[in-house]
Amino acid sequence: MAASAKTRPLIGLPGRRRKVGHLVGTAESMADVDVDVYFSGYARSVLQAGGLPVHLPVDANPTEFVPHLDGILLTGGADIEPHRYGAEPDGNGDYEPARDEFEITLLGAAIAQDLPVLGICRGTQLINVYAGGSLRQHVPVHARFELAPHIRVHRVTIEPGTMLSEVYGQDQMDVNSLHHQAVDTTGPSIVVSARADDGTVEAIELVDHPAIGVQWHPEMHNQHELIFDWLIKKASEPAATSVAG
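Residues numbered from 1 in each chain as written. Predicted model: local features only at pLDDT ≥ 70, side-chain atom pairs only at ≥ 80, totals over all residues. Heavy atoms only, no water.

Trainee: Before we go on, may I ask you to explain the pairing of strand β1 (residues 10–14) in this structure?
Mentor: Every regular strand shows the same layout, with side chains that alternate between the two sheet faces. Summarising burial for β1: 5 of the 5 residues are buried, a large majority. Of the two faces of β1, both are covered, the one formed by L10, G12 and P14 as well as the one formed by I11 and L13. Examined bridge by bridge, β1 and strand β4 (residues 52–56) share 5 bridges and lie parallel to one another. In the strand pairing of β4, L13 is matched with H55. In terms of strand pairing, β1 meets strand β5 (residues 71–74) through 2 bridges, oriented parallel. Looking across to β5, one finds that G12 is bridged to I72. (Buried < 20%, exposed > 50% of the residue type's maximum accessible area, 1.4 Å probe, protein only. Helix = DSSP H or I, 4+ residues; strand = E, 2+ residues; numbered from the N terminus. Pairing = 2+ DSSP bridges.)

Structural data, given as structure tokens:
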């Protein structure tokens, strides 16, 4: 359905498939029941920016969702299986193969339909792998899980002339850091739009498509982030909306 001045754009959010037993405070008898989870901050940020978040379960064919959506937000979570970028596991990974397949197919369909895409953490890595790039499987110095997740722990430098530069209107910003993997080689259709001081890729973009990936977690910052406004603005543009009635 096309977005209009009277309707909020629909933003698809895939998430993790877990067992109830992984969640604290649940009944032992429910331990093997499936649940779909992602941080609530993703959906709240979409709502605050003017969109409507739509949960996308991995059970469905992802290509069936896309004609009904106006944009995609690829959320964080498990590592991407290394074989998808021609590498062997290094022993530090936590993989969800079904989610990898679902989201790579979803991303391809979204690009084919010209839907805007925002990738966060794992979502950034997925965009790069989809585009033919590879990942660094373990960069523990960036996994600052000993701190509250909203704390900004390092600075990134934003490349001028990129979409990310247009979004934030500045060449540097401080961000949180909750990832142990990162982009290594970039795919041929990828532009690096931000780096940390140690050279780690912190944001990427697709050439000739409204897709941005950020390695930090803007949904956890203690203020509304402009990157979500960018997603909703792009999802509201006629050229970015779906063609289904």
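Trainee: Looking at this structure, how should I read the pattern of salt bridges?
Mentor: Any two side chains of opposite charge can pair, on the condition that their charged atoms come close. Taken as a whole and assessed by the stated rule, the structure comprises 8 salt bridges. A salt bridge links R122 to E103; its shortest N-O distance comes to 3.1 Å. Separated by 19 residues along the polypeptide, R122 in helix α4 (residues 122–130) and E103 in helix α3 (residues 97–112) bring together distant segments of the chain. Taking the relative accessible area as the measure of exposure, E103 reaches 0% and is therefore buried. Here R144 makes a salt bridge to E146, at a shortest N to O gap of 2.6 Å. Among the charged side chains, a network of salt bridges with common partners joins R84, R99, D100, E101, E103 and R122. (Salt bridge = Lys/Arg side-chain N within 4 Å of Asp/Glu carboxyl O.)

Nothing here speaks to function; it is geometry throughout.
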